[in-house]
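Each chain is listed here by its residues.
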Amino acid sequence: MESIVKFIVSTPLGFTVRTTESYWQTLLIKHPDITHYETEIQQTLNQPDAIYQSQRDIDVLLFYRTLKAKRWLVAVARRLNGEGYLITAYQTDAIKTGAKLWPK
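These numbers were taken from a predicted model, which means no experiment stands behind them.

Participant: How should the packing of aromatic side chains be read in this particular structure?
Facilitator: In this description, a pair of aromatic rings is defined by centroid distance and the angle of the planes. Applying the stated criterion to the full structure yields 2 aromatic pairs. Ring geometry for Phe 7 against Trp 24: centres 6.0 Å apart, planes inclined by 70°, an arrangement best described as edge-to-face. Of this pair, Phe 7 sits in strand 1 (residues 5-10) while Trp 24 sits in helix 1 (residues 21-30), and the two are 17 residues apart along the sequence. Comparing Phe 7 with Trp 24 shows no difference in burial state: the two are buried. Aromatic pair Tyr 52 and Tyr 64: ring centres 5.8 Å apart, planes at 90°, arrangement edge-to-face.

The following block contains the structure:
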């Protein structure tokens, strides 16, 4: 069975991030708070306020975009062989520590 692409978004770091419709539905089960944030998650990947590298895995990047005071939307993506895919997305009240990649 072929996977239907939900979206492909360009990032400021020069690679794209994609996700499929079926994976998106899986994310919504785990994080129902992002149900109405698909457009904002795409904006977070395309025009983030900040991008950090995961401390545990150098291929995993955390894209942050402010929702409101002390509240961010986070899109987590893995970059592999020049392409990226969405791992998860959620709302948070704290930015995780790690190497800040963007903006420099």
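Next comes the rest of the write-up.
Participant: When you look at helix 1 in this model, what are you seeing that I'm missing?
Facilitator: It helps to recall that an α-helix has 3.6 residues per turn; residues three or four apart then point in one direction. Listed in full, the buried residues belonging to helix 1 are Trp 24, Leu 27 and Leu 28. End-on view of helix 1: buried residues confined to an arc of 100°, all on one side of the axis. Along helix 1, exposed side chains directed more than 90 degrees from the buried face belong to Ser 22, Ile 29 and Lys 30. Of the surrounding elements, those touching the buried residues of helix 1 are strand 1, strand 2 (16-20), helix 2 (38-46) and strand 6 (83-92).

Conventions we followed
Residues numbered from 1 in each chain as written. Predicted model: local features only at pLDDT ≥ 70, side-chain atom pairs only at ≥ 80, totals over all residues. Heavy atoms only, no water. Phe/Tyr/Trp six-rings, centres within 6.5 Å; stacked < 30°, edge-to-face > 60°. Helix = DSSP H or I, 4+ residues; strand = E, 2+ residues; numbered from the N terminus. Buried < 20%, exposed > 50% of the residue type's maximum accessible area, 1.4 Å probe, protein only. Arc of directions from axis to C-beta. Contact = heavy atoms within 4.5 Å.

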